Number of protein chains: 4
Amino acid sequence: MKKSEKTKKKIIESAIKLISQYGYAATTTAQIAKEAGISEATLFKYFKDKETLLREVINIALIQIINFVALSPLKENIKKSKDLKASEFLRTIINERLELLDKNFDLLKIILIEIQYNDSLKKEVTKVMVPKFCKTKGLVEKILMRKTDISKSMAKGITRLVIGTLLTFLYQKYILGLEMSNEEVKEEIENVLNVIKKSIEEE
Amino acid sequence: MKKSEKTKKKIIESAIKLISQYGYAATTTAQIAKEAGISEATLFKYFKDKETLLREVINIALIQIINFVALSPLKENIKKSKDLKASEFLRTIINERLELLDKNFDLLKIILIEIQYNDSLKKEVTKVMVPKFCKTKGLVEKILMRKTDISKSMAKGITRLVIGTLLTFLYQKYILGLEMSNEEVKEEIENVLNVIKKSIEEE
Amino acid sequence: MKKSEKTKKKIIESAIKLISQYGYAATTTAQIAKEAGISEATLFKYFKDKETLLREVINIALIQIINFVALSPLKENIKKSKDLKASEFLRTIINERLELLDKNFDLLKIILIEIQYNDSLKKEVTKVMVPKFCKTKGLVEKILMRKTDISKSMAKGITRLVIGTLLTFLYQKYILGLEMSNEEVKEEIENVLNVIKKSIEEE
Amino acid sequence: MKKSEKTKKKIIESAIKLISQYGYAATTTAQIAKEAGISEATLFKYFKDKETLLREVINIALIQIINFVALSPLKENIKKSKDLKASEFLRTIINERLELLDKNFDLLKIILIEIQYNDSLKKEVTKVMVPKFCKTKGLVEKILMRKTDISKSMAKGITRLVIGTLLTFLYQKYILGLEMSNEEVKEEIENVLNVIKKSIEEE
DNA sequence: GATGAATGAGGGTTCATTCAT
DNA sequence: TATGAATGAACCCTCATTCAT
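Reading the values: the criteria
- Residues numbered from 1 in each chain as written.
- Chains lettered and ligands numbered in written order.
- Predicted model: local features only at pLDDT ≥ 70, side-chain atom pairs only at ≥ 80, totals over all residues.
- Heavy atoms only, no water.
- Least-squares fit on C-alpha atoms with pLDDT ≥ 70 in both.
- Contact = heavy atoms within 4.5 Å.
- Buried area = accessible area lost by both parts, 1.4 Å probe.
- Salt bridge = Lys/Arg side-chain N within 4 Å of Asp/Glu carboxyl O.
- Polar contact = N/O pair within 3.5 Å; in protein donor to acceptor, adjacent residues only side chain to side chain.
- Helix = DSSP H or I, 4+ residues; strand = E, 2+ residues; numbered from the N terminus.
- Nonpolar A, V, L, I, M, F, W, Y, C, P; charged D, E, K, R; others polar.
- Buried < 20%, exposed > 50% of the residue type's maximum accessible area, 1.4 Å probe, protein only.
- Arc of directions from axis to C-beta.
- UniProt positions renumbered as here; feature names shortened; annotations may be inferred.
- Phe/Tyr/Trp six-rings, centres within 6.5 Å; stacked < 30°, edge-to-face > 60°.
- Lys NZ or Arg CZ within 6 Å of the ring centre and 35° of its normal.
- Domains from an automatic or database assignment.
- Near = heavy atom within 4 Å.

The name given to chain A in an unreviewed UniProt entry is TetR/AcrR family transcriptional regulator, with Anaerocellum danielii as the source organism.

Of the transformation superimposing chain C on chain D, the axial component is 0.0 Å and the angular component is 179 degrees, with the fit at an RMSD of 0.2 Å. A rotation of that kind, with that shift, is consistent with a two-fold axis. By residue overlap, the copies meet face to face through one surface: 100% of the interface positions of chain C are interface positions in chain D.

Contacts between chain B and chain A engage 47 residues on the former and 47 residues on the latter. Here chain B and chain A share an interface that buries about 4,000 Å² over both sides, 65% of which is from carbon and sulfur atoms. Run the count over chain B and chain A and you get 2 salt bridges. Note that A:Glu188 is salt-bridged to B:Arg160, the shortest N-O span being 2.8 Å. Applying the counting rule to chain B against chain A returns 7 residue pairs in polar contact (both at pLDDT 80 or more). Of all the elements in the fold, those that place two or more residues in the side of chain B that touches chain A are α1 (3-22), α6 (105-114), α7 (119-147), α8 (152-175) and α9 (182-199) of chain B. Broken down by element, the side of chain B that touches chain A gets its largest block of residues, 17 residues, from α8(B). Of the residues assigned to the side of chain B that touches chain A, the class counts are 23 nonpolar, 15 polar and 9 charged.

On to the relation of the copies chain B and chain A. For the pair of chain copies, the relating transformation is a rotation about an axis with a translation along it. Mapping chain B onto chain A calls for a rotation angle of 179 degrees and an axial translation of 0.0 Å; the resulting RMSD is 0.3 Å. Taken as a fraction of all interface residues of chain B, those also at the interface in chain A reach 100%, which identifies the copy contact as same-surface.

This brings us to helix α2 (residues 29-36) of chain D. All names here are of chain D. Considered for burial, the residues of α2 that qualify are Thr-29, Ile-32, Ala-33 and Ala-36. Down the axis, α2 shows its buried residues gathered within 95 degrees of arc, on one side only. Just downstream of α2 lies Gly-37, where phi reads positive at about 75 degrees.

As a further point, take the UniProt feature "DNA-binding region" (unreviewed entry) in chain A. UniProt marks residues 28-47 of chain A with the feature "DNA-binding region" (unreviewed entry), using the numbering shown here. Secondary structure content for residues 28-47 of chain A is 75% helix and 0% strand, while the C-alpha to C-alpha distance between its ends is 14 Å.

Below, the discussion takes up the packing of aromatic side chains. One pass over the structure, following the stated rule, counts 6 aromatic pairs over all chains. Here C:Phe105 and C:Tyr174 contribute two aromatic rings whose centre-to-centre distance is 3.9 Å and whose plane-to-plane angle is 20 degrees, an arrangement assigned as stacked. Residue C:Phe105 is found in helix α6 (residues 105-114), and its partner C:Tyr174 is found in helix α8 (residues 152-175); the two are separated by 69 residues along the sequence. With respect to burial, C:Phe105 and C:Tyr174 carry one shared label: buried. Positioned above the aromatic ring of A:Tyr24, the side-chain terminus of A:Lys50 is 4.4 Å from the ring centre. Positioned over the ring face of A:Phe89 is A:Lys147, at 5.8 Å from the centre of the ring.

Our focus in this paragraph is the domain arrangement of chain A. Residues and elements named next belong to chain A. Looking at the assigned domains, one finds that chain A contains domain 1 (1-47) and domain 2 (59-199). Taken over C-alpha atoms, the centre of domain 1 sits 31 Å from the centre of domain 2. For the pair domain 1 and domain 2, the two sides together bury roughly 540 Å², of which 71% comes from carbon and sulfur. At the boundary of domain 1 with domain 2, the tally comes to 3 residue pairs in polar contact (both at pLDDT 80 or more).

In this assembly, 47 residues from chain C lie in contact with 47 residues from chain D. For the pair chain C and chain D, the two sides together bury roughly 4,000 Å², of which 65% comes from carbon and sulfur. Where chain C meets chain D, there are 2 salt bridges. Linking chain C to chain D there are 7 residue pairs in polar contact (both at pLDDT 80 or more). For the side of chain C that touches chain D, the secondary structure elements donating two or more residues are α1 (3-22), α6, α7 (119-147), α8 and α9 (182-199) of chain C. Element by element, the count of residues in the side of chain C that touches chain D is highest for α8(C), at 17 residues. Its residues assigned to classes, the side of chain C that touches chain D comprises 23 nonpolar, 15 polar and 9 charged.

Let us look at the pattern of salt bridges. For the coordinates displayed, the defined rule picks out 48 salt bridges over all chains. Here B:Glu124 ties to B:Arg55 by a salt bridge, and the two come within 2.9 Å at their closest N and O atoms. Of this pair, B:Glu124 sits in helix α7 while B:Arg55 sits in helix α4 (residues 50-80), and the two are 69 residues apart along the sequence. Residue classification places B:Arg55 among the partly exposed residues on the basis of a relative accessible area of 23%. Several salt bridges share partner residues, and in doing so they unite A:Glu51, A:Arg55 and A:Glu124 into one network.

Below, the discussion takes up the protein's contact with DNA strand E. In the neighbourhood of DNA strand E, 32 residues make up the surrounding shell, with A:Lys50, B:Thr42, B:Tyr46, C:Thr42 and D:Lys50 lying closest. Here the atoms of DNA strand E within 4 Å of the protein split so that 59% fall in sugar or phosphate, with bases taking the remainder. The separation between a phosphate oxygen of DNA strand E and a polar main-chain atom of A:Lys50 is 2.7 Å. C:Ser39 places a main-chain nitrogen or oxygen 3.5 Å from a phosphate oxygen of DNA strand E. Split by residue class, the surface near DNA strand E holds 9 nonpolar, 12 polar and 11 charged.

See below:
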């Protein structure tokens, strides 16, 4: 990697770290430059203003999240999951999604919070994320229907419940900061899966 | 109401409006004062600094949310719901909760975002909210078990699914800004309830 | 004393206390009002502005200092000192002056410092104090010459040395905050008086 | 000298000028910046806050005063004064000290006034100045005893009188603003020296 | 006569941004 | 290219002062 690319990467990493910690408005360009080990003047050579840096961060976040959180691994799942029961398929999805959220939470946090305060950002983000998200959602629904003989609306309901479950864990851990042991998380997931299993008469 | 009380109320209302719109760090005391129709000097007569104003807002938000969102109306529900089927009870809960979230979203948004950036605030908020929340959750579980003959862990799973569903709607509408028609919301809720109904063999 | 006079007195006392402690510029009208147990609005009913209050304080300080520090007790001394030796006369003067400085230091401090920053004040103060001071000085010189047979210029030298001695103690104690025990002070005074005694061949 | 050093020096000089003229509390950072020909923002790049700037000024003042006022030139005096009579030695000291006070009065004034209002500053200053001062005082006493055959306590008395004399001139000229002609000053010094000469039977 | 309530003007301080080197 | 140096604009906050009650 060229030196200038390295510097740019360093700036973005620093920005991600600090913005996710303090929020965009409360993070200063001085802090970011210091964290990146460069001068403020240099920072502005790479990004014409603070807003541009934010957008770059958001872009990277979007790419990261879309590629890694939403889609790619799902494809793997689908192949691997050919012989799985529906509930096992969902368990795999939930667990993997949780793991991915874990690894990318800084980025996700920045996106979710900063789009609140920046309408053009919000439009951009939703324009990109929502279709990807819906596509993934549709895929899960289709697989569910293939694995069971439930109706479309049931499949939609279950998918929504899975999303809700993921969101709930996200909130508990990252927003409220409530730590749960792996055991507890597992138990809660099983509770949820039990409900779903019952509903699809899997057992 | 005394004049000074009116002024204080006006300041707090303005703060809530602007902070929920722009975030605490990006909201200036000048903006708040202007919105409240007073001078900045007056604002600082009422609140010794910006941080104190935020805490007052958070306090009010906590009281509001705890009293109105979490508990009170639930009690009403329980009385009224004596003869309701489990699924009908859950539908009522979901709808009322959604309505309450709707009415109090500004405050909720401020709490959820600002505790990210202020540890002492986070501790304060979680110390107050989490127990109340768990209590409510436990209540719902108990009622569910009374109305059906499901196990404790099933009840827990269902309750969690309900919470997840609420969170998902919250996210879609307020965080992502995806407007849904009432029809769509109703349909989605029915999908979810159908899954749950199946799981408790209600029909 | 009428209530309004009492209030005025209370304000001035509070002002003296606070201004001598923090300086005029750093003392706020809010502090003074609080210390006096009244509202700021009331303070401005008694003194049209902060500067006016300072001038009143200075006036009072001048009167107090001139009457009590500079002249009055000196007259007592002179009567009482008819039969004292010159050195004993000087010792009495030094001791009494030190005591008076002790009791009035707050006021003196305000005068000495604040005239630095306010030319019209300085003119006023010097116009009043300097003549009084010179008169007292002349008086001491005359008495010295009466009690000994030294020349005018010697008398002037001795008086100046006495003033210098007082100033030195003033500085040590109040400006530099160096506490000395009574013993030490006495010893130092005796050292000084010994020099003077030698010079007038008193022994 | 580097540009940044120049700027820093300019700021400090401006601060000294203005603080000695108006006092610390009444001097604004805007004034200092303007006097230094820079923006306020630049001032705060060099000194993290107003208080820090004051301390730097005080530090410089302490160094200046200790090196140039208290000690260094005294050593020169001592060498040069080997063959001087005691009174001539004292005259030299007084005159040189007066000259040095003259050149450094701004700094001295700031120290003497501002330590009144800042306890930690007072401690710092007295901790540094007092020992140096006492050392110098002791030196003068020793020289006096070498040049004459007076007792220790006489030497102490004379030294104290010299200090008092300096203080008196300091007060008259700088605090009260009473200008004296060189003639008058000389005469007054001679008066004082005459008293001392008599006391040590120099003539 | 006293005060609760309000504020314009200004204070110290920080910020994103620029530019000469 | 990278940065040392600088800054206008804005921020949070305080102050002496006013005025209706």
